[in-house]
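Residues per chain are reported as follows:
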Amino acid sequence: MDGYNFAYLDEQTKRMIRRAILKAVAIPGYQVPFGSREMPLPYGWGTGGIQVTAGVIGQDDVLKVIDQGADDTTNAVSIRRFFARTTGVKTTEKTTEATLIQTRHRIPERPLSEGQILVYQVPIPEPLRWLEPRETETRKMHALQEYGIMHVKLYEDIARFGRIATSYDYPVVVNDRYLMKPSPIPKFDNPKMDNMPALQLFGAGREKRIYAIPPYTKVKSLDFDDHPFEIQQWDENCALCGSENSYLDEVVMDDQGGRMFVCSDTDHCESRQSDGHVGPMGTQQAAE
Amino acid sequence: MYVAVKGGEKAIENAHRLLAQDRRGNPGVPELTVVQIKEQMSLAVDRVMTEGSLYDRDLAALAIKQARGDLVEAIFLLRAFRTTLPRFATSNPIDTTAMKARRRISATYKDLPGGQLLGPTFDYTHRLLDFALMAESEAPDVATSPSNDEALPRVTSLLNAEGLIEQENSDDTAPVSDLTREPLDFPANRDLRLQNLARGDEGFVLAMGYSSQRGYGNTHPFAGEIRMGEVEVVIEPEELGFAISIGDITVTECEMINQFKGSATEAPKFTRGYGLSFGEAERKAMAMALVDRSLRARELGEEVQNPAQDEEFVLYHTDNVEASGFVQHLKLPHYVDFQGELEMVRNLRAEQAHVHAQEQMLKAGE
Amino acid sequence: MNRPTPLLSVQDLGKSYGPHLGCTDVSFDLWPGEVLGIVGESGSGKTTLMNCLSAQIEPTCGKVIYDTRMDGARDIFDMSESERRLLMRTDWGLVKQNPRDGLRLGVSAGANVGERLMAVGARHYGDIRNVANDWLKKVEIDVGRIDNPPSTFSGGMQQRLQIARNLVTEPRLVFMDEPTGGLDVSVQARLLDLLRGLVNRLGLSVVIVTHDLAVARLLAHRLMVMKDGRVVEQGLTDQVLDDPQHAYTQLLVSSILQP
């Protein structure tokens with residue numbers, strides 16, 4: 001794009017972001033403050049993820065952008081177009097083809113591999129924020145590893161509901177040290193973070209924090225010994241590809257209560273369909 | 001058969017076209033020019049420049065036009081442009097004492113050297129809609145402007161001579177924090193706080209300042225001096241070693257004088273609150289001065305009891321580009337998270353219904 | 001055999017706010033199992049002293065030496081913040097005058113009692129709940145209320161809950177700031193009775209600040225009388241109350257109705 005540097009940000013800014021990323025990788029789960037810039041997209045639209053992506057993207061990268069697991073949601077389209085315009089790199093919807101995946105609210109169903117980077121957009125990076133509004137105090141709690149209050153919240157859930165009632169942005173402990181918010185992914189995706197071969201980077205633009213999980217790092221979802229962490233399960237299969245073990249979106253069909261469930265990961269669903277899998281409402285695709 | 005909704009790309013393009021159309025309005029009406037906005041909406045331009053942290057009247061006017069008059073959106077446009085600009089130099093601190101003032105008032109002294117200068121103010125207008133403006137009118141009569149070319153002494157300096165006000169020990173060589181390059185850090189020193197307030201949303205800063213006057217704060221302010229006019233911007237490139245004037249900018253400065261009862265180690269005296277804005281954003285400069293003083297509670301050993309004294313609360317919430325983005329991001333899809341909540345609520349309800357049914361059966365059996 | 005050491009040893013402690021004096025020249029030893037009462041009227045410096053002793057504020061001068069379980073005698077202000085905070089939530093307790101300041105009002109009674117356990121690593125919900133149950137019984141709160149938030153409790157119940165919340169990690173030293181202040185007389189009596197029982201049973205060491213000499217007489221083994229930031233008299237409780245030496249103490253004692 002004329003008048004703008006590769007990937008929009010100037011090289012000085014990108015270097016500052018890379019330094020923050022390196023520090024974040026060196027201290028897994030620790031929130032590194034960084035000089036987040038105003039971006040041409042609003043705060044809350046993924047400015048943190050965009051800056052991280054802009055910091056690491058190179059000419060040879062292949063970029064995939066998803067929102068809610070889908071490549072075709074408006075915000076994913078908008079961010080993908082932004083990078084296509086400002087970098088000219090190849091974009092893709094295929095998880096396997098991508099070297100760099102920016103995501104909002106999901107981890108792709110297909111396991112990621114070494115050499116891939118997953119960039120999360122983060123609205124509120126501080127896991128203790130709802131329990132303690134003060135940054136000065138939460139930083140102290142992290143420094144002293146005072147995380148008991150987080151379990152108080154989980155205790156309350158069990159006392160009241162008989163189970164831990166957090167369904168997304170479910171807190172984890174990274175590398176047995178830092179309490180971390182995984183961004184609002186469903187807890188269904190939490191186990192994928194553990195020991196993942198790909199590098200996971202988290203960018204919070206408005207809150208001006210970057211954090212990271214290096215490849216093959218232990219990520220543990222908080223729980224109690226007698227109330228272990230559990231993920232969501234559905235009675236239904238994906239209506240289109242028949243998948244029994246992917247995260248499903250509920251689609252309301254009519255105003256009579258009719259609804260169907262489909263994979264939230266659109267690439268996963270389409271790959272399965274082209275491999276010949278069919279769900280109850282899908283159609284057989286011609287074998288290639 | 002169900003087909004997942006596609007066409008995000010098309011939808012976005014169409015939305016952009018609709019937006020452009022609505023921005024233009026009725027094509028039978030002549031298009032607003034950037035120059036017209038710059039000349040006739042100058043206070044809007046001033047606000048956008050102040051909170052956009054960029055002194056450029058043309059670009060601010062363009063942003064207002066592009067944003068359909070939504071000033072927060074225009075501020076956002078200007079900020080996003082500003083962030084891509086290379087930094088050539090850092091100016092010397094502007095010298096507001098040397099200001100060519102077009103307005104200068106003090107609420108603390110009836111008369112003072114240099115006099116009171118009302119300038120272009122709404123202050124003593126009657127707020128009656130002027131229906132004559134409904135029609136395009138002739139240019140108004142030229143006013144005599146007693147603009148002051150001589151430097152005016154500062155009210156706070158007059159007090160300072162008597163030792164009644166705290167010393168302003170500014171060190172022009174000390175490094176200054178830069179919020180556009182570094183994240184906010186706490187405890188925040190005054191340079192950082194002032195910068196944050198200068199960029200902060202006028203409405204929010206106004207409300208915070210107001211709250212400090214209404215008892216949520218204990219600052220007892222007097223408008224020591226408000227001055228508006230032109231100041232020179234000077235840079236001193238290292239390789240040259242001498243100062244170069246790069247032009248004049250209009251600024252409004254407010255120095256509030258506040259009571260201070262004294263502490264264990266200090267005698268009672270007056271303290272200062274400071275506000276500065278680009279252009280003629282006077283309301284903003286005054287509100288900023290109030291909040292600046294409130295936020296000095298920690299430094300002055302006052303008890304922090306009120307929102308306007310609480311630096312984390314105030315400084316984290318002043319920025320309207322951040323606030324607007326985060327509030328409005330709720331429009332983005334949250335299907336995945338909502339699905340998680342839906343499943344959770346359904347399960348909890350099913351369990352409760354089950355327990356309830358069992359209780360009923362037990363009761364019936366008794 | 002080692003010479004027995006005091007649990008808490010305070011040496012020349014002082015705290016001033018500019019020229020204004022909080023407290024000064026305070027020295028004393030507190031022995032295991034001992035209850036020390038600090039009495040005086042408001043403004044006498046007893047609360048400032050308590051806040052220094054319990055590491056809520058840093059004194060201007062002097063030492064507060066605590067006999068830690070792991071490392072023996074340590075000046076609490078020489079400890080790192082993390083050591084001090086750990087000490088405060090394990091081996092110490094702090095009961096505030098207003099239970100609302102010492103409780104989490106938004107979470108259940110059970111979670112209030114369980115918090116300290118979770119803070120030191122307890123990760124079994126059932127066990128935490130059992131311990132919380134036991135403690136509710138010990139402080140005479142109906143275990144049926146375990147899932148209710150303390151905002152629904154009476155003042156006396158809230159105070160008893162605050163005590164349970166502090167004692168759950170079996171601390172050796174507990175600071176109490178006017179624990180019966182703000183309660184009705186009949187409620188006070190029950191609380192005092194409970195406190196006395198717990199202190200005896202658990203062998204707790206206690207520093208209790210009170211302006212109420214009746215409370216002091218009932219709980220404290222030893223008394224320190226404060227006026228204008230200084231200790232004007234100290235000794236065994238009966239001695240001080242029955243035979244006050246200092247004019248100020250005499251005034252304090254005579255100002256209460258004799259039984």
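Sequence order as written defines residue numbering, which begins from 1 separately in each chain. Whichever chain is written first becomes A and whichever ligand is written first becomes 1, with later ones labelled in order. Reporting in this predicted model follows two pLDDT cut-offs: at least 70 for local features of residues, and 80 or more for side-chain atom pairs to be given and counted; totals over whole chains, interfaces and linings ignore these cut-offs and use all residues. Side-chain numbers here rest on the full set of heavy atoms in the structure, without hydrogens or water.

Colleague: Before we go on, may I ask you to explain the overall build of chain A in this structure?
Modeller: Numbered from the N terminus, helices here are DSSP runs of H or I no shorter than four residues, and strands are runs of E no shorter than two. A tally of helices and strands in chain A yields seven helices and twelve strands. Radius of gyration: over C-alpha atoms. The globule rule applied is 2.2 Å multiplied by the number of residues raised to the 0.38 power. Taking 2.2 N^0.38 as the reference for a compact globule, 288 residues should give roughly 19 Å; the C-alpha atoms of chain A span a radius of gyration of 20 Å, in line with that estimate. Across its three principal axes, chain A shows a C-alpha extent of roughly 60 × 55 × 35 Å. Throughout this description, buried means an accessible area under 20% of the type-specific maximum (1.4 Å probe, protein chains only), exposed means over 50%, and partly exposed covers the range between. Within chain A, the proportion of its 288 residues that are buried is 63%. Contacts are assigned to residue pairs with any non-hydrogen atoms lying within 4.5 Å of each other. For chain A, contacts bridging at least 24 residues in sequence account for 63% of all contacts bridging at least 6. As displayed, chain A has an accessible area near 11,100 Å², and 47% of this comes from carbon and sulfur atoms. Charge assignment in this entry is limited to Lys and Arg as positive and Asp and Glu as negative, and neither His nor the chain termini are counted. Each charge is placed at NZ for Lys, CZ for Arg, CG for Asp and CD for Glu. Counting 33 positive and 41 negative side-chain charges, chain A places the averaged centre of each group 8 Å from the other. Shrake-Rupley sampling with a 1.4 Å probe provides the accessible areas, and residues are treated as covered by the protein chains on show and by no other component.

Colleague: Just checking my understanding: could you explain the sheet that holds strand 10 (residues 219-221) of chain A for this structure?
Modeller: Remark on secondary structure: sheet strands pair via backbone hydrogen bonds, oriented parallel or antiparallel. Residue and element names in this part refer to chain A. Strand pairing requires that DSSP identify at least two bridges connecting the strands. Sheet architecture is open: three strands sit in the order 7-6-10, paired in antiparallel fashion. One side of each edge strand has no neighbouring strand; the edge strands of this open sheet are strand 7 (178-180) and strand 10. On average, each strand axis in the sheet is tilted by 30° relative to the strand beside it, whichever way the strands run. Relative to strand 10, strand 6 (residues 172-174) runs antiparallel, the two being bridged by three bridges. Each axis is a line fitted through C-alpha atoms, taken for helices only over the stretch in contact, and angles between the N-to-C directions span 0 to 180 degrees.

Colleague: In this structure, what is going on with the domain arrangement of chain B? I would like to understand it.
Modeller: Bring the parts together and some accessible area is lost; that lost area is often taken as the interface size. All names here are of chain B. An automatic or database domain assignment supplies the start and end points of every domain. Taken domain by domain, chain B comprises domain 1 (11-82) and domain 2 (96-122 + 145-318). The straight-line distance from the C-alpha centre of domain 1 to that of domain 2 is 29 Å. Contacts between the two partners involve twelve residues from domain 1 and, on the opposite side, 16 residues from domain 2. In this description, buried area is defined as the sum, over both parts, of the accessible area (probe of 1.4 Å) that is lost when the two are combined. Buried area between domain 1 and domain 2, summed over both chains or domains, comes out near 1,100 Å², and the portion from carbon and sulfur atoms is 54%. Of all residues in domain 1, the largest losses of buried area upon contact with domain 2 belong to T50, E51 and Y55, amounting jointly to 46% of the total for that side. A carboxyl oxygen of Asp or Glu within 4 Å of a side-chain nitrogen of Lys or Arg is what we treat as a salt bridge. Applying the counting rule to domain 1 against domain 2 returns one salt bridge. Between R47 and D201 there is a salt bridge, with the nearest N and O atoms lying 3.0 Å from each other. Nitrogen and oxygen atoms within 3.5 Å of one another constitute a polar contact, given that in protein one can donate a hydrogen and the other can accept it, and given that sequence-neighbouring residues count only through two side-chain atoms. Here domain 1 and domain 2 share seven residue pairs in polar contact (both at pLDDT 80 or more) between them. Those elements that provide at least two residues to the side of domain 1 that touches domain 2 are helix 3 (42-52) and helix 5 (71-82). Looking at the side of domain 1 that touches domain 2 element by element, the count peaks at six residues for helix 3. Here the term charged refers only to Asp, Glu, Lys and Arg, the term nonpolar to Ala, Val, Leu, Ile, Met, Phe, Trp, Tyr, Cys and Pro, and the term polar to all other amino acids, Gly among them. A class-by-class count of the residues in the side of domain 1 that touches domain 2 yields five nonpolar, two polar and five charged.

Colleague: Just to check I follow, could you spell out the environment of L22 of chain A for this structure?
Modeller: Following the sequence through the fold, L22 of chain A ends up in helix 1 (residues 11-26). Between the alpha carbons of L22 of chain A and I210 of chain A there is a distance of 9.9 Å; along the sequence they are 188 residues apart.

Colleague: Which parts of the structure should I look at to understand empty space enclosed by the protein?
Modeller: Gaps left between atoms are located by rolling a probe of water-molecule size over the structure's atoms. Cavities and pockets were defined on a 1 Å grid built over protein atoms only: a cavity is a set of grid points that admits a 1.4 Å probe from which the probe cannot escape, a pocket is an open set flanked by protein on both sides within 12 Å along at least five of seven lines, and lining residues are those with an atom within 4 Å of any such point. Grid points are joined across faces, edges and corners, and a volume is the space filled by probe spheres set on the points. This structure, assessed with the given rule, holds two cavities of 30 Å³ or more. The space that makes up the largest cavity amounts to roughly 140 Å³. In terms of lining, the largest cavity is formed by 17 residues, of which the most central are G44, G46, Q121, V122 and P123 of chain A. Put simply, the parts of the chain that give the lining of the largest cavity at least two residues each are helix 2 (47-56) and strand 8 (199-204) of chain A. Among the residues forming the lining of the largest cavity, the class breakdown is five nonpolar, nine polar and three charged. Taken together, Q31, I124, P125, E126, R129, E135, E207 and R209 of chain A together with Y316 of chain B make up the lining of the second largest cavity. Among the residues making up the lining of the second largest cavity, the classes are represented as three nonpolar, one polar and five charged.

Colleague: What is the right way to read the interface of chain A and chain B from this model?
Modeller: Contact residues are listed per partner, giving 64 residues for chain A and 45 residues for chain B. Overall, the association of chain A and chain B removes approximately 4,700 Å² of surface from exposure, summing both partners, and the carbon and sulfur fraction of that is 57%. Among the residues of chain A in contact with chain B, E38, R81 and R163 of chain A are the three that bury the most area, contributing 13% of the side total. In this structure, the connection of chain A to chain B is made through seven salt bridges.

Colleague: Help me understand the packing of aromatic side chains, please; the structure alone is not making it clear to me.
Modeller: Two aromatic rings, taken as a pair, are described by how far apart their centres are and by the angle between their planes. Only centres within 6.5 Å qualify two rings of Phe, Tyr or Trp (six-membered ring in Trp) as a pair; their planes then separate them into stacked at under 30 degrees, edge-to-face at over 60, and tilted for everything else. As enumerated under the stated definition, the model contains 16 aromatic pairs over all chains in all. The interplanar angle of 70° and the centroid separation of 5.2 Å between the aromatic rings of W92 of chain C and F175 of chain C together place this pair among those described as edge-to-face. With W92 of chain C in strand 6 (residues 92-95) and F175 of chain C in strand 7 (residues 173-177), this residue pair connects regions lying 83 residues apart in the sequence. Accessibility expressed as a relative area gives 2% for W92 of chain C, which makes it buried. Residue classification places F175 of chain C among the buried residues on the basis of a relative accessible area of 1%. Taken together, Y4, Y8, F82 and F83 of chain A form an aromatic cluster joined through their ring pairs. Charges are assigned to positions over rings by a cutoff of 6 Å between ring centre and Lys NZ or Arg CZ, combined with an angular limit of 35 degrees from the ring normal. The positively charged end of R206 of chain A is found above the aromatic ring belonging to F326 of chain B, 3.6 Å away from the centroid. Here K138 of chain C stacks its cationic end above the ring of W135 of chain C, 4.2 Å away from the centre of that ring.

Colleague: Sorry, what's going on with the pairing of strand 4 (residues 100-104) of chain A here?
Modeller: The side chains of a regular strand alternate, first on one face of the sheet and then on the other. Residues and elements named next belong to chain A. Across the five residues of strand 4, five count as buried, placing the element largely inside the fold. On strand 4, burial covers both faces: L100, Q102 and R104 on one face and I101 and T103 on the other are all buried. With five bridges connecting them, strand 2 (residues 62-67) and strand 4 associate as parallel partners. The residue bridging V65 from the neighbouring strand is Q102, located in strand 4. With four bridges joining them, strand 4 and strand 5 (residues 117-121) adopt parallel strand pairing. Looking at the pairing, T103 lines up with Y120 of strand 5.

Colleague: Would you mind going over helix 7 (residues 190-199) of chain B with me for this structure?
Modeller: For an α-helix the count is 3.6 residues per turn, leaving residues at separations of three or four pointing the same way. For helix 7 of chain B, the tally of buried residues reaches seven of ten residues, placing the bulk of the element in the interior. Along helix 7 of chain B, the positions that sit buried rather than exposed are R190, L192, R193, L194, N196, L197 and R199 of chain B.

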